[in-house]
Amino acid sequence: MKIFYIAILILLQTAVLSAQVDRSKEPAPDSPKEINLGDLKSIELKNGLKVFLVPKPGYGKFAFSLTINQPDIKKDPQPELREILGKLYYRKSSINHTQKQVDSIIDFHGAKMGVTINGGFIIGLKEDTQQLMRMYTDCLIHPSINQTVMDELVVEKIEQHKAPKEKETVSNKKTNFGLMLIDSLLHDKKIETEELSTSRELNYSDITLSKLQAYQSQRVVSNNSTAILIGDFSEYSARELLEKHFANWKMGDPLEEDRKDIPNNKIPAQREIYVIDNPIAVQSKIGFHWNLGDAFQYFKDDIPMEVMNQILGGYANAYIYQNLREDKGLCYFALSSISCTGDGGSGFINTSVRTEKTAIAVENIIYEMLRIRNQKVSDKTMRMAKNSLIGAYARSLGGIALQRFLSFAMAQNEFNLPDDYLKTYPQKIGEVTKADIIKMAQKYVKPNNCIVIVQGNAKALKGTLEAYGPVKYFTKEGKTLEF
């Protein structure tokens, strides 16, 4: 019998060993597949509310997220009302629910909720959908705006400004010379080194209950709103739910989009380096900045460009990260961002290194920018970059994730995106070739036509960076630095 047990044990050990993965061999890659997101639907109510439905049959939770378009805070003629209303919304109470009742309901159902002047969200169990949606819409559309609470918030703000400090304005922060310098060099914007004090002072003493109520009814309106609904809903049941809770939400004046003219983007004729002095710094913050030119949102090459950036500096196995951190131990992080924007796109690489290692870091960033432009990537590098993007993308769509769907819902009509854009995104990543990477890099990575901003100890850096381009030195206030 003892021999029998020993034999069985040997067989079990053999089976376990044979079932273990051979980690000495890298698994063969699989081809990217279409993500099964179900039949995505767009629903629009009669009051103009646009909702993007993401069906998840059998899923036990639901999520609803709403975005209400609001004008730029700096251009809002009534910023005091906006601030007080925002604080009222933060209290999560309505004409039918006190804050204590709302918190109790949320805790009891294990839900999550946020309500703001810009919309908010509600997440909970499918079985609690009706009660939670009723509470959310009540807090959103009928917030508790009463004289007592309003007076309390107004007094609080007035008391804050009685303290001996700078008067609050719509925009009262000191300008960041580094950012202003970049805007000046790449976007032809004027440098303002003085404090922004042209905006009028906020006057809370003029706020009245009627003004606040009118402001809420003008700004929190259905036809300036876009939402996402995720869960076990058919198109019919989703529409029924939405009409029940939002059909009586009033429309308002449509928000006129403030379309900004495309700035006068500039491409430097050569690499230019600007050092902003921080005499007590032991590290240098390094930033490479450049304009792409024609990389607008959702343009035809946005996915190949994304894969190219992933290889250059988008994650931990990227060229720049491996060079500066893993190979040379110069920094904790080193990242790149090459993105499509409404003004034609921009490129950015940043890191922080010890002062005495600044020059070598600059040199190696330039080297990696040149390498991706002129050298074909390896099969392994290509595969790892694609897998990391596809994996991150798949995770962003998991469970009741909202942001990816909401971004697509808000952009689909504006950019004429196909209904299957989200489903086929991994396949499009898989179709990117090595030739695409070089093509994108040669067009959009500009090591010789960029602005390099170094914030650090200028005295220690003097003379170390001139080999990489003309260098100018400034104080952090924007004055030319005299040594």
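Each chain has its residues counted from 1, following the order in which its sequence is written. Only residues with pLDDT of 70 or above have their local features reported here, since the model is predicted, and side-chain atom pairs are shown and tallied only from 80 upward, although totals for entire chains, interfaces and linings are computed over all residues. Side-chain descriptors were evaluated using all non-hydrogen atoms of the structure, hydrogens and water having been removed beforehand.

Draft legend 1. Spotlight on the overall build of the chain. Numbering of helices and strands starts at the N terminus; helices are DSSP runs of H or I of at least 4 residues and strands are runs of E of at least 2. What the chain contains, in helices and strands, is 16 helices and 12 strands. Each residue is placed in one exposure class: buried if its accessible area under a 1.4 Å probe, protein chains only, is under 20% of its type's maximum, exposed if it is over 50%, and partly exposed if it falls in between. Residue burial in the chain is summarised as follows: out of 483 residues, 45% are buried. Considering only contacts within the chain whose residues lie at least 6 apart along the sequence, 80% involve residues at least 24 apart. Split by element, the accessible area of the chain, about 26200 Å² in all, is 52% carbon and sulfur. Contacts were defined at the residue level, with two residues in contact if any of their heavy atoms lie within 4.5 Å. Computed with the Shrake-Rupley method and a 1.4 Å probe, the accessible areas treat only the protein chains shown as cover for residues.

Draft legend 2. Spotlight on unusual backbone geometry. The backbone phi angle of K92 is positive, close to 50 degrees, even though this residue is not glycine. Its place among the elements puts K92 in the loop between α2 (79–90) and α3 (99–109). Phi is positive for N416, which is not a glycine, with a value near 55 degrees.

Draft legend 3. Structural view of the sheet that holds strand β11 (residues 451–456). Two strands pair if DSSP finds at least two bridges between them. Here 6 strands make up an open sheet; going across it, the order is β9-β10-β8-β11-β7-β12 and the pairing mixed. Pairing within the sheet leaves two strands with one partner each, and these edge strands are β9 (334–339) and β12 (471–474). For this sheet, the mean inter-axis angle between neighbouring strands, taken without regard to orientation, is 15 degrees. As defined by bridge partners, strand β8 (residues 283–291) adjoins β11 across 5 bridges and the pair is classed as antiparallel. In the strand pairing of β11, K285 is matched with Q455. To get an axis, fit a line to the C-alpha atoms, keeping to the stretch in contact for a helix; angles then go from 0 to 180 degrees between the N-to-C directions. Helix α9 (residues 302–314) contacts β9 and β10 (346–354) of the sheet and is inclined by roughly 165 degrees relative to β9.

Draft legend 4. A look at the sheet that holds strand β4 (residues 112–116). If you walk across this open sheet you meet the 6 strands as β1-β2-β6-β3-β5-β4, and the pairing is mixed. In this open sheet, the two edge strands, each paired with only one partner strand, are β1 (41–44) and β4. Across this sheet, the average inter-strand angle for adjacent strands is 15 degrees, counted without regard to direction. Here strand β2 (residues 50–55) pairs with strand β6 (residues 225–231) via 6 bridges, running parallel. Each residue of the ladder has a partner; that of P55, found in β6, is G231.

Draft legend 5. Representation of the side chain of E368 in the model. Considering the arrangement of structural elements, one finds E368 in helix α11 (residues 358–374). We classify E368 as buried; its relative accessible area is 2%. In this structure, E368 is in contact with L312, Y319, I320 and N323, ignoring residues within four places of it in sequence.

Draft legend 6. Structural view of the confidence of the model for the chain. Within a predicted model, pLDDT stands for the predictor's per-residue confidence, ranging from 0 to 100. Model confidence for the chain is summarised by a mean pLDDT of 86, while 85% of its residues fall at 70 or above. Confidence scores differ between elements of the chain, with helix α1 (residues 2–19) showing the lowest mean pLDDT of 56 and α11 the highest of 98. Between residues 166–174, whose pLDDT stays under 50, and residues either more than four places distant or in other chains, the model counts 29 contacts. Contacts of residues 193–199 to residues separated by more than four positions or lying in other chains number 15 contacts, the stretch itself having pLDDT below 50.

Draft legend 7. Helix α6 (residues 177–187), seen in detail. Counting buried positions along α6 gives 9 out of 11 residues, so the element sits mostly inside the fold. Residues of α6 that are buried: F177, G178, M180, L181, I182, S184, L185, L186 and H187. As used in this structure description, the phrase polar contact means that two N or O atoms lie within 3.5 Å; if the pair is within protein, one of them must be able to donate a hydrogen and the other to accept it, and residues adjacent in sequence are counted only when both atoms belong to side chains. Here α6 starts with a cap whose side-chain oxygen sits 2.9 Å from the backbone nitrogen of G178, and that cap is N176.

Draft legend 8. Broad picture of the pattern of salt bridges. Any Lys or Arg side-chain nitrogen located within 4 Å of an Asp or Glu carboxyl oxygen qualifies as a salt bridge. A full pass over the atoms with the stated rule returns 13 salt bridges. Where R82 meets D76, a salt bridge forms, and the shortest distance between an N and an O atom there is 3.1 Å. In this structure R82 comes out as buried when scored by relative accessible area, which is 14%. Given a relative accessible area of 5%, D76 falls into the buried group. When salt bridges that share partners are traced, they join D76, R82 and R219 into one network.

Draft legend 9. Representation of the environment of K423. Within the secondary structure layout, K423 lies in helix α14 (residues 421–430). In the structure, K423 is positioned 384 residues away from D39 in sequence and 10.0 Å away in space, judged by C-alpha atoms.

Draft legend 10. Region of interest: the packing of α9 against helix α15 (residues 434–444). Relative orientation of the contacting elements α9 and α15 amounts to 85 degrees, with a least axis distance of 9 Å. Judged on the interaxial angle alone, α15 and α9 are roughly perpendicular. Where α9 abuts α15, its residues P304, M305, V307, M308 and I311 lie against D436, I437, M440, A441 and Y444. By residue class, the composition of the contact of α9 with α15 is 9 nonpolar, no polar and 1 charged. Under this scheme an angle from 65 to 115 degrees is roughly perpendicular, one under 35 degrees roughly parallel, and one over 145 degrees roughly antiparallel; angles in between are oblique. Gly counts as polar in this scheme, as do all residues outside two lists: the nonpolar Ala, Val, Leu, Ile, Met, Phe, Trp, Tyr, Cys and Pro, and the charged Asp, Glu, Lys and Arg.

Draft legend 11. The arrangement of the side chain of R219 in detail. Checked against the element boundaries, R219 lands in helix α7 (residues 209–219). Polar side-chain contacts of R219 include one of 3.0 Å to the side chain of D76. In this structure R219 touches I68, Q70, P71, D76, P77 and R82, once residues within four positions along its chain are discounted.

Draft legend 12. Representation of the packing of aromatic side chains in the model. Aromatic pairs are defined between Phe, Tyr and Trp rings, using the six-membered ring for Trp, whenever the two ring centres lie within 6.5 Å; interplanar angles under 30 degrees are classed as stacked, those over 60 as edge-to-face, and all others as tilted. Going through the model one piece at a time under the given rule, you end up with 13 aromatic pairs. Each ring, one from F64 and one from Y136, has its centre 6.0 Å from the other, and the planes form 65 degrees; the classification is edge-to-face. Remark: Y136 occurs in helix α4 (residues 129–141) and F64 occurs in strand β3 (residues 61–68); sequence separation between them is 72 residues. Considered together, F64 and Y136 belong to a single accessibility category, that of buried residues. Aromatic ring contacts, followed pair by pair, group F52, Y298, Y393, F408, F415, Y421 and Y425 into a single cluster. When the ring centre of Y59 is taken as reference, the NZ or CZ atom of K56 above it lies at 6.0 Å. Here, a charge over a ring is recorded when the distance from Lys NZ or Arg CZ to the ring centre is within 6 Å and its angle to the ring normal is within 35 degrees. Over the ring of Y319 we find R371; its NZ or CZ atom is 3.6 Å from the centre of that ring.

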